[in-house]
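Here is what each chain is made of, one letter per residue.
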Amino acid sequence: MQEDLLTVAMPKGRIFDEAVDLLRKADYPIPPEFEDSRKLIIDVPEANLRFILAKPMDVPTYVEHGVADVGVAGKDVMIEEKRDIYEVLDLKISACYMAVAARKGYNKSHEVAPKIASKYPNLTSEYFRQKGEQVEIIKLNGSIELAPIVGLADRIVDIVSTGQTLKENGLVEIEEMIQITSRFIVNPVSYRTKAAMIDTMVDRLDEVINGKGREAE
């Protein structure tokens, strides 16, 4: 990590766009062409920032290992990865929720050895353990909706935003698990060595999100 820059790990995709918009509202001079860049590391010297663009699941890893000082990660990823990092602010962007879904006409009583497919095996396992259900977890990396259609799994656990993807694939939501938003996360060492820069960013983001800085709380 460069001492004069604050390195920010950002997830590619929808969260990225919303997070960049949030930073601009917090008066960080992010250039207009920023979103169009295909680079994986982008310096914005006028803001004293360096951005690392990564897959959403990898953001906490970059922050934990100190490659990035801070980052933006979904609460789902935070729960799944259980990394040694600080979660300091709910950014209240990319709101969605985790849910259990199955094919239309699903009947739990017909299950013999329940199989649950998800890209979140740890979160899913813990959820069903707390419910007292013994299930087999099948980890998939994408197209989770396909699992019950082809008979790989009885149910799935996945992120739901509008429910349209479930509907288009003949699936129905069975139960809502947890609400999800994106969080601002910090490397513990960086919080000591770059405290002023990090606190300034947190306060400016908090002002945009909640209309007040942390000192005013």
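Structure report, in brief. The shown structure was predicted, so the numbers you read here are calculated from the model rather than taken from an experiment.

Side chains that differ in charge, positive against negative, can pair when their charged atoms come close. Going through the model one piece at a time under the given rule, you end up with 13 salt bridges. The closest approach of N and O atoms between Lys194 and Asp69, which form a salt bridge, is 3.0 Å. Taken together, the positions of Lys194 in the loop between helix 7 (188-193) and helix 8 (195-210) and Asp69 in the loop between helix 2 (59-64) and strand 4 (70-74) put the pair 125 residues apart, joining distant regions of the chain. Taking relative accessible area as the criterion, Lys194 reaches 4% and is therefore assigned buried. Of the charged contacts, one joins Glu133 and Lys108 as a salt bridge, the two residues approaching to 3.1 Å between their closest N and O atoms. One end of the pair, Glu133, is in the loop between helix 4 (121-131) and strand 8 (136-139); the other, Lys108, is in the loop between strand 6 (96-103) and strand 7 (115-118), with 25 residues separating them in the sequence. One salt-bridge network, in which partners are shared between bridges, spans Lys75, Glu87, Asp90 and Arg183.

Taken as a whole, helix 4 has its buried residues at Pro121, Leu123, Thr124, Tyr127 and Phe128. Buried residues of helix 4 fall within an arc of 165° about the axis and therefore sit on the same side. Every exposed residue of helix 4 that faces more than 90 degrees away from the buried side is listed here: Arg129 and Gln130. The inward-facing, buried residues of helix 4 abut helix 3 (75-81), strand 6, strand 7, strand 8, strand 9 (155-160) and strand 10 (171-180). Downstream of helix 4 by one or two residues, Gly132 has phi in the positive range, about 80°.

Right, let's talk about the side chain of Ser182 for a bit. In this fold, Ser182 is placed in strand 11 (residues 182-186). If near-sequence neighbours (up to four positions away) are discounted, Ser182 is found in contact with Ile15, Val72, Ala73, Gly74, Leu89, Asp90, Leu91, Lys92, Ile93 and Ser94.

On to the environment of Arg103, then. As for its placement among the helices and strands, Arg103 is situated in strand 6. Among the residues examined, Arg103 registers a relative accessible area of 45% and is labelled partly exposed.

Right, let's get into a nonpolar patch on the surface. Judged by side-chain polarity, Leu146, Ile149, Val150 and Leu152 come together as a nonpolar surface patch covering roughly 330 Å² of accessible area. Judged by relative accessible area, Leu146 falls into the partly exposed class, the value being 47%.

The rules we used
- Residue numbering note: each chain is counted from 1, following its sequence as written.
- Where local features are concerned, this predicted model is filtered to residues with pLDDT of at least 70; where side-chain atom pairs are given and counted, the filter is 80 or more; whole-chain, interface and lining totals use all residues.
- Only hydrogens and water are set aside when side-chain values are computed; all heavy atoms of the structure are taken into account.
- Between Lys or Arg on one side and Asp or Glu on the other, a salt bridge is scored when a side-chain nitrogen of the former is within 4 Å of a carboxyl oxygen of the latter.
- Runs of H or I in DSSP of at least four residues are treated as helices and runs of E of at least two as strands, each being numbered from the N terminus.
- For every residue, the accessible area (1.4 Å probe, protein chains only) is compared with the maximum for its type, and the residue is labelled buried under 20%, exposed over 50%, or partly exposed between those bounds.
- The directions from the helix axis to the C-beta atoms form the arc being described.
- Working rule for contacts: check all heavy atoms of both residues, and any pair within 4.5 Å makes them a contact.
- Like-charged residues within 9 Å of one another, or nonpolar side chains (Val, Leu, Ile, Met, Phe, Trp, Tyr) within 5 Å, are grouped into patches, provided each residue has over 30% relative accessible area and no salt bridge.
- Each accessible area is a Shrake-Rupley result for a 1.4 Å probe, and residues are judged covered by the shown protein chains and nothing else.

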